[in-house]
Amino acid sequence: MAALVRMDRIVTRFGRTTVHDGVTLEICGGQVVALIGGSGTGKSVLLREMVGLQRPTEGQVWLFGEEVARADEPRLAALRQRFGMLFQDGALFSSLTVAENVAVPFREHTKFEPALVAALVGLKVALVGLPPDTLAKMPAQLSGGMRKRVSLARALALEPEIVFLDEPTSGLDPIGARAFDRLLRTIADSLSLTVVMVTHDLDTLASIVDRAIALHGGKVIADGPVDEVARSRHPWIAEYFSARAPYHAGDE
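Here we summarise the structure given alongside this text. (Residues numbered from 1 in each chain as written. Predicted model: local features only at pLDDT ≥ 70, side-chain atom pairs only at ≥ 80, totals over all residues. Heavy atoms only, no water.)

A few words now on the packing of helix H3 (residues 98-109) against helix H4 (residues 114-127). Across the interface, H3 lies against H4 with an axial gap of 9 Å and an inter-helix angle of 115 degrees. In the packing of H3 onto H4, the handedness of the crossing is right-handed. Contact residues: H3 offers Val 98, Ala 99, Val 102, Ala 103, Phe 106 and Arg 107, while H4 offers Pro 114, Val 117, Leu 120, Val 121, Lys 124 and Val 125. Partitioning the contact of H3 with H4 into residue classes produces 10 nonpolar, no polar and two charged. (Axes fitted to C-alpha atoms, helices over the stretch in contact; angles between N-to-C directions. Helix = DSSP H or I, 4+ residues; strand = E, 2+ residues; numbered from the N terminus. Left-handed = near helix turned anticlockwise from the far one by under 90°. Contact = heavy atoms within 4.5 Å. Nonpolar A, V, L, I, M, F, W, Y, C, P; charged D, E, K, R; others polar.)

Laid out in structure tokens, this is it:
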């Protein structure tokens, strides 16, 4: 299967600080993939580089086989219709209703009639488990979990092949976080959707993630099924997963 995302020898520097130092990876379809690493390892930066929101200092990024750095604006616009993005804080427009927020991708990328847009918005909001009366509410009237779901509905608006999420359970209580995990996994399986997320949440890793990519010291130090990565003897990985004892039940 052709890679949806490919990164080759990525170097990212901010001034004298090197965040990525030769990161190479590929992401193919049909998986829920998590980028993990300590604070300052550039997980969110890597996510932004994947979708062309930021350019690496060195190296190449391909998205759907298209080299992002060489794509002109029309090509980038076409690529943006093939993926969805959920930012850490949801990034909803505070002055727009839920319906208006979810409609933004349709307004920007299609010429659909208003009645069709309204119908599609209703379907997307229902898909993420929110009742119809949510449509008329403002973001400030929603709980944190509901805002995450609205953001996910917007990310799914154009039926993307891949969705990128930055800390999707950040700020949610444990019950809300697990409910969001279940929703995300159900949608990914139902729609054959590829998911790439940045997360610190060990419960998310244990419950819904197929593959973990661990970043440390500017490099990928482990990449594979979560259970395999958890058994790595790298000191940072051992310390990271030690917070969740079940991962070590089978250690030698």
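Our next topic: the sheet that holds strand E4 (residues 58-63). Strands belonging to one sheet form pairs held by backbone hydrogen bonds; the direction of such a pair is parallel or antiparallel. With antiparallel pairing, four strands are arranged side by side in an open sheet as E2-E1-E4-E5. Edge strands, defined here as strands with exactly one partner in the open sheet, are strand E2 (17-27) and strand E5 (66-67). As judged from the two bridges shared by E4 and E5, these two strands associate in the antiparallel manner. Counted as the bridge partner of Trp 62 is Glu 67 from E5. Helix H1 (residues 43-50) contacts strand E1 (5-14), E2 and E4 of the sheet and is inclined by roughly 125 degrees relative to E1. (Pairing = 2+ DSSP bridges.)

For soluble globular proteins, the rule of thumb is that nonpolar side chains tend to be buried together. Grouped together as the largest cluster of nonpolar side chains are 47 residues, with contacts concentrated most on Ile 36, Leu 152, Leu 205 and Phe 241. Element by element, the count of residues in this core is highest for helix H6 (residues 174-191), at six residues. (Core = buried A, V, L, I, M, F, W, Y, C linked by side-chain atoms within 4.5 Å. Buried < 20%, exposed > 50% of the residue type's maximum accessible area, 1.4 Å probe, protein only.)

What follows covers the pattern of salt bridges. Enumeration according to the criterion identifies 14 salt bridges in this entry. What emerges from the salt-bridge pattern is a single network uniting Arg 178, Asp 181, Asp 201 and Asp 203. (Salt bridge = Lys/Arg side-chain N within 4 Å of Asp/Glu carboxyl O.)

In the sheet, E1 pairs with E2 via eight bridges, with the strands oriented antiparallel. When the bridges of E2 are listed, Met 7 appears paired with Leu 25. Hairpin connection from E1 to E2: two residues lie between these consecutive antiparallel strands, with Gly 15 at a positive phi of about 65 degrees. For E1 and E4, the ladder comprises five bridges, and the chain directions are antiparallel. Residue Asp 8 lies in a different strand from E4, and its bridge partner there is Gln 60.

What follows deals with the environment of Val 198. You can see Val 198 is positioned in strand E8 (residues 194-198). A C-alpha to C-alpha distance of 16 Å links Val 198 and Val 19, two positions 179 residues apart in sequence. Leave out the neighbours within four places in its chain, and Val 198 touches Leu 35, Lys 43, Ser 44, Leu 47, Leu 165, Asp 166, Glu 167 and Pro 168.

It is worth spelling out the sheet that holds strand E6 (residues 83-86) at this point. The sheet built from six strands is open, its strands ordered E6-E7-E8-E3-E9-E10 with mixed pairing. The sheet is open, and its two borders are formed by E6 and strand E10 (219-225), each paired with just one other strand. Put simply, the sheet's adjacent strands are angled 15 degrees from each other on average, direction ignored. Across the face of the sheet, H6 comes into contact with strand E3 (32-37), E6, strand E7 (162-166) and E8 while running at roughly 150 degrees to E8.

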